[in-house]
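Topology and contacts: notes
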Amino acid sequence: MRKWMTAVFTLTFACLAVAAEPSPKSPAKTNAKPVVTKPAAAKPKVTASKVTASKFSKAAPLAAAPMLPSPVADLKVQETVAGEVHTGHMVCELGNSVTVTPDPQQPTRFIVQMKKNTYHMTPVATTTGAVRLEDAQAGAMWLQLPHKSMLMNSKLGQRMADECQNDHQTSVAHAMKLDPPPSLLDGPALAKK
């Protein structure tokens, strides 16, 4: 494997070197303008007294405060996402199971349980259309797709439970097997007449 990779890299660099050389058919430009470099400006010497005086005499400029999302907008997003979360007991691969229940005290939050672990999760907006719940303090994330859900440890980047499905997701997964969606590598679908 290592010999093969070495051969590929050698071939790649050889191709790049050949591409960088001027071709014999096209003459090299000889009337190129010379590059003029400017001498570096001498830096003034700074003494210890100047550093301390300048350090304390001028206040540091304040950085602009980052734009925080509006709490009202966040609440609307959370309510929208919360309406799409599948709740109940879900069977996962490798004999695992996850239970998702709405938090009785906060309607936009959810309690996600797996074995002895309990996470209090809040909906987070996504651009992909997936439903995402997070417990930032515990470092856990629940990701719900149309055909499966998964529980992830976001601190370690590992899946704790995968292929979790309720009845609706099982039927969607079965339909996807019978009629798979187009691949990203496929070209755009031709319009039907």
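Residues numbered from 1 in each chain as written. Predicted model: local features only at pLDDT ≥ 70, side-chain atom pairs only at ≥ 80, totals over all residues. Heavy atoms only, no water.

Thoughts on unusual backbone geometry
Apart from glycine, the bulk of residues carry a negative phi angle, and the bulk of peptide bonds sit in the trans form. Not every positive phi belongs to a glycine, and Leu-94 is a case in point at roughly 60°. Relative to the elements of secondary structure, Leu-94 occurs in the loop between strand E1 (88-91) and strand E2 (97-102). Judged by relative accessible area, which is 76%, Leu-94 ranks as exposed. Phi angles above zero are rare outside glycine, and Glu-163 is one such case at about 60°. Within the element layout of this structure, Glu-163 appears in strand E8 (residues 158-164). (Helix = DSSP H or I, 4+ residues; strand = E, 2+ residues; numbered from the N terminus. Buried < 20%, exposed > 50% of the residue type's maximum accessible area, 1.4 Å probe, protein only.)

Describing the pattern of salt bridges
One pass over the full model with this rule turns up 4 salt bridges. With its nearest N and O atoms 3.4 Å apart, the salt bridge here joins Asp-162 to Lys-148. Note that Asp-162 is positioned in strand E8 and Lys-148 in the loop between strand E6 (140-144) and strand E7 (149-153), a separation of 14 residues in sequence. You'll find Asp-162 and Lys-148 in the same group, each marked buried. Residue Lys-148 is joined to Glu-163 by a salt bridge in which the shortest nitrogen-to-oxygen separation is 3.4 Å. Of the two residues, Lys-148 is situated in the loop between E6 and E7 and Glu-163 in strand E8; the sequence distance between them amounts to 15 residues. Residue class for Lys-148 comes out buried when judged on its relative accessible area of 11%. A relative accessible area of 33% means that Glu-163 is categorised as partly exposed. (Salt bridge = Lys/Arg side-chain N within 4 Å of Asp/Glu carboxyl O.)

Here we look at helix H4 (residues 167-178)
For H4, spanning 12 residues, the distance from its first C-alpha to its last is 17 Å, which sits close to the expected 16 Å at 1.5 Å a residue. If you check the start of H4, you find a side-chain oxygen 3.2 Å away from the backbone N of His-168, and it comes from Asn-166. (Expected span 1.5 Å × (residues − 1). Polar contact = N/O pair within 3.5 Å; in protein donor to acceptor, adjacent residues only side chain to side chain.)

Focus on the nonpolar core
The nonpolar side chains of a soluble globular protein tend to be buried, and buried together. Counting 19 residues, the largest nonpolar core has Val-98, Val-100, Met-121, Trp-142 and Leu-151 as its most contacted members. Sorting the residues of this core by element identifies helix H3 (71-82), E2, strand E3 (110-114), strand E4 (117-124), strand E5 (131-135), E6 and E8 as the ones contributing at least two each. The greatest single-element share of this core, amounting to 3 residues, is contributed by E3. In contact with Met-121, other than residues within four places in its own chain, are Arg-109, Phe-110, Val-112, Leu-133, Glu-134, Asp-135, Ala-140, Met-141, Trp-142 and Leu-151. Core analysis: the second largest hydrophobic core is formed by 5 residues, Ala-130, Met-141, Met-150 and Met-152 among them. (Core = buried A, V, L, I, M, F, W, Y, C linked by side-chain atoms within 4.5 Å. Contact = heavy atoms within 4.5 Å.)

What about the confidence of the model for the protein?
Per-residue pLDDT for the protein averages 73, and the proportion of residues at 70 or more is 57%. Confidence over residues 15-19 falls short of pLDDT 50; this stretch has 0 contacts with residues more than four positions distant or in other chains. Of the regions scoring below 50 in pLDDT, residues 51-57 engages in 1 contact with residues more than four places distant in sequence or in other chains. (pLDDT = per-residue confidence, 0-100.)

Considering the pairing of E5
Of the two faces of E5, only one is covered, namely that formed by Val-131, Leu-133 and Asp-135; the face formed by Arg-132 and Glu-134 stays uncovered. Strand direction decides the pairing type here: E4 and E5, joined by 3 bridges, are antiparallel. For Thr-122, the partnering residue across the bridge sits in E5 and is Glu-134. In textbook terms, the turn of a hairpin is the stretch between consecutive antiparallel strands, and for E4 and E5 this stretch comprises 6 residues, one of which, Gly-129, has a positive phi near 90°. In the sheet, E5 pairs with E6 via 5 bridges, with the strands oriented antiparallel. When the bridges of E6 are listed, Asp-135 appears paired with Ala-140. Here E5 folds back onto E6, and the loop between the two strands holds 4 residues, one of which, Gly-139, carries a positive phi near 75°. (Pairing = 2+ DSSP bridges.)

Notes on the sheet that holds E4
The strand order across the open sheet built from 8 strands is E1-E2-E3-E4-E5-E6-E7-E8, with neighbouring strands paired in antiparallel fashion. Taken across any chain shown, the strands that pair with only one partner, and hence form the sheet edges, are E1 and E8. This sheet shows a mean twist of 25° between the axes of neighbouring strands, independent of strand direction. (Axes fitted to C-alpha atoms, helices over the stretch in contact; angles between N-to-C directions.)

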